[in-house]
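Structural characterization, general
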Amino acid sequence: MKELNGIKYIERLPVIKTEKTPLFVLIHGYGSNEEDLFSFAQDLPQNSHIVSVRALHDIMYGGYAWYDINFVNNEKWMDEVQAIESRHKLVEFIDAIVQQESLDASNVTLMGFSQGAILSYAIALNNPEKIKNVAILSGYPEFEIIGNFDKTKDFSNLNFFISHGIEDVVLPIEMGRIGDEFLKSLNINFEYHEYRSGHGIVPQNYFDLMDWIKRF
């Protein structure tokens, strides 16, 4: 376990050295930890530097969260201040690790599940010059976290993969479909997938994700 700019992470160094090393940042969901998505690392490009980050806030049973969720009060169900803080901290972390490891700043991929996917939307839309590819796994664009971003920025470099389970009871499929319509409205390049699954990643979802990555 390492720590940089206040964020703890684990990493897989490039297996194959190239002149420009891409960066993958794996961002887990509520109640999980950095080990969750790190299992993907074995199938990610061998020339890439993979980091899987741990969320900033401890919750019960040893898990972590990027922001607190209120399961009782639906009117105020998320801590927006914590969420925006996490968004800013992750952007600072990306800048710092790119500099520290001399990585290719023009080839950064975010891969987020649930809360991690929600933050990935917010990071990419506010910083399209820093991010190239974004994998949104069981997430949606939360406009309170995205904020009043600059729609005049150049989004032509962005490339999204969105997947969602039609039987998801945590974040219903209607929320995932918001991303489909939202990215269309911004003319951002993306592909959208739905699966007969709940709040998780079924094998076909994983295969499609890895196929998308191979096309970078």
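Everything below is about the structure printed above this text.
Owing to the predicted nature of the structure, the values given are computational and were not obtained by experimental measurement.

Here the focus is the packing of aromatic side chains. The description of an aromatic ring pair rests on the distance of the ring centres and on the angle between the ring planes. With the rule as written, the count across this model stands at nine aromatic pairs. Relative to Phe93, the ring of Tyr9 lies with its centre 5.3 Å away and its plane at 65 degrees, an arrangement referred to as edge-to-face. With a gap of 84 residues between them, Tyr9 in strand β2 (residues 7-12) and Phe93 in helix α2 (residues 80-101) connect regions that are remote in the sequence. The residues Tyr9 and Phe93 share a single accessibility class, namely buried. Clustering of aromatic rings is evident, with ring pairs tying together Phe24, Phe161, Trp212 and Phe216. Across the ring face of Phe149, the terminal group of Lys151 is positioned such that the distance to the ring centre comes to 4.5 Å.

Between the first and last C-alpha of helix α5 (residues 173-185) there are 19 Å, a value that for 13 residues agrees with the 18 Å anticipated at 1.5 Å per step. Buried residues in α5 make contact with α3 (115-126), α4 (143-146), β9 (159-165) and β10 (189-195). One or two steps after α5, the chain reaches Asn187, where phi turns positive at roughly 55 degrees.

Now for helix α6 (residues 203-214). Counted at 1.5 Å a residue, the expected span for α6 with its 12 residues is 16 Å, and the 17 Å between its end C-alpha atoms agrees. Within the sequence span of α6, burial applies to Asn205, Tyr206, Asp208, Leu209, Met210, Trp212 and Ile213. Considering only its buried residues, α6 is in contact with β3 (23-27), β7 (108-113), β8 (133-137), β9 and β10.

Basis of the calculations
- Residues numbered from 1 in each chain as written.
- Predicted model: local features only at pLDDT ≥ 70, side-chain atom pairs only at ≥ 80, totals over all residues.
- Heavy atoms only, no water.
- Phe/Tyr/Trp six-rings, centres within 6.5 Å; stacked < 30°, edge-to-face > 60°.
- Helix = DSSP H or I, 4+ residues; strand = E, 2+ residues; numbered from the N terminus.
- Buried < 20%, exposed > 50% of the residue type's maximum accessible area, 1.4 Å probe, protein only.
- Lys NZ or Arg CZ within 6 Å of the ring centre and 35° of its normal.
- Expected span 1.5 Å × (residues − 1).
- Contact = heavy atoms within 4.5 Å.

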